[in-house]
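Chain by chain, the residues:
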Amino acid sequence: MNVTDGLKMLRERLVANNANPATIKHVDEILKRASVPSAGGASAQSLLQLNRMLMRHPTTSSNNYIYNDLALLEEQLEASAVDSVKRAEDEFNRPQPKLKKYYKDQKEKKSS
């Protein structure tokens, strides 16, 4: 995932959570830095990883409002990740339909 796209998504979620204006400003500043052409190739594995990087920033550790907003967002992202894993496991464990060949073989065994 591109870092600028991820930061935009995180910003949208923070706005939806009614985050403190200082938090939005902090994310905007990081987004501005990430938008520089020399940082264009930067990537992150997930929104959760990107949020954790934001939480380690010095500005975050000096402002409790920013830290709390990002901690809430981290909790939400972790919960959605757990839900995604559960859905994938349920999909994997769902019984698969039998092939037509299976029923033909069953029919032949009964008639033999």
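Structural notes, computed from the coordinates. (Residues numbered from 1 in each chain as written. Predicted model: local features only at pLDDT ≥ 70, side-chain atom pairs only at ≥ 80, totals over all residues. Heavy atoms only, no water.)

Focus on helix 3 (residues 47–55)
Looking only at helix 3, the buried set comprises Leu47, Leu48, Leu50, Asn51, Leu54 and Met55. Looking straight down helix 3, one finds that the buried residues subtend no more than 160° of arc, so they occupy a single side. Packed against the buried residues of helix 3 are helix 1 (3–16), helix 2 (21–34), helix 4 (58–62) and helix 5 (64–93). (Buried < 20%, exposed > 50% of the residue type's maximum accessible area, 1.4 Å probe, protein only. Helix = DSSP H or I, 4+ residues; strand = E, 2+ residues; numbered from the N terminus. Arc of directions from axis to C-beta. Contact = heavy atoms within 4.5 Å.)

Quick look at helix 6 (residues 100–111)
Along its 12 residues, helix 6 runs 17 Å from first to last C-alpha, staying within 8% of the 16 Å computed at 1.5 Å per residue. Within helix 6, only zero of the 12 residues are buried, which leaves the element largely exposed. (Expected span 1.5 Å × (residues − 1).)

So, the side chain of Asn51
Relative to the assigned elements, Asn51 resides in helix 3. Classification of Asn51 as buried rests on a relative accessible area of 0%. Apart from residues no more than four positions distant in its own chain, Asn51 is found in contact with Leu10, Leu70, Leu73, Glu74 and Leu77.

Some details on the packing of helix 3 against helix 5
In the contact formed by helix 3 and helix 5, the axes pass within 10 Å of each other and the chain directions differ by 160°. Between helix 3 and helix 5, the angle is such that the two are roughly antiparallel. Both helix 3 and helix 5 take part in a crossing whose hand is left-handed. Within the contact between the two elements, helix 3 uses Leu47, Leu48, Asn51, Arg52, Leu54 and Met55 and helix 5 uses Tyr67, Leu70, Ala71, Leu73, Glu74, Leu77 and Glu78. Here the contact of helix 3 with helix 5 is composed, by residue class, of nine nonpolar, one polar and three charged. (Axes fitted to C-alpha atoms, helices over the stretch in contact; angles between N-to-C directions. Parallel < 35°, antiparallel > 145°, perpendicular 65-115°, else oblique. Left-handed = near helix turned anticlockwise from the far one by under 90°. Nonpolar A, V, L, I, M, F, W, Y, C, P; charged D, E, K, R; others polar.)

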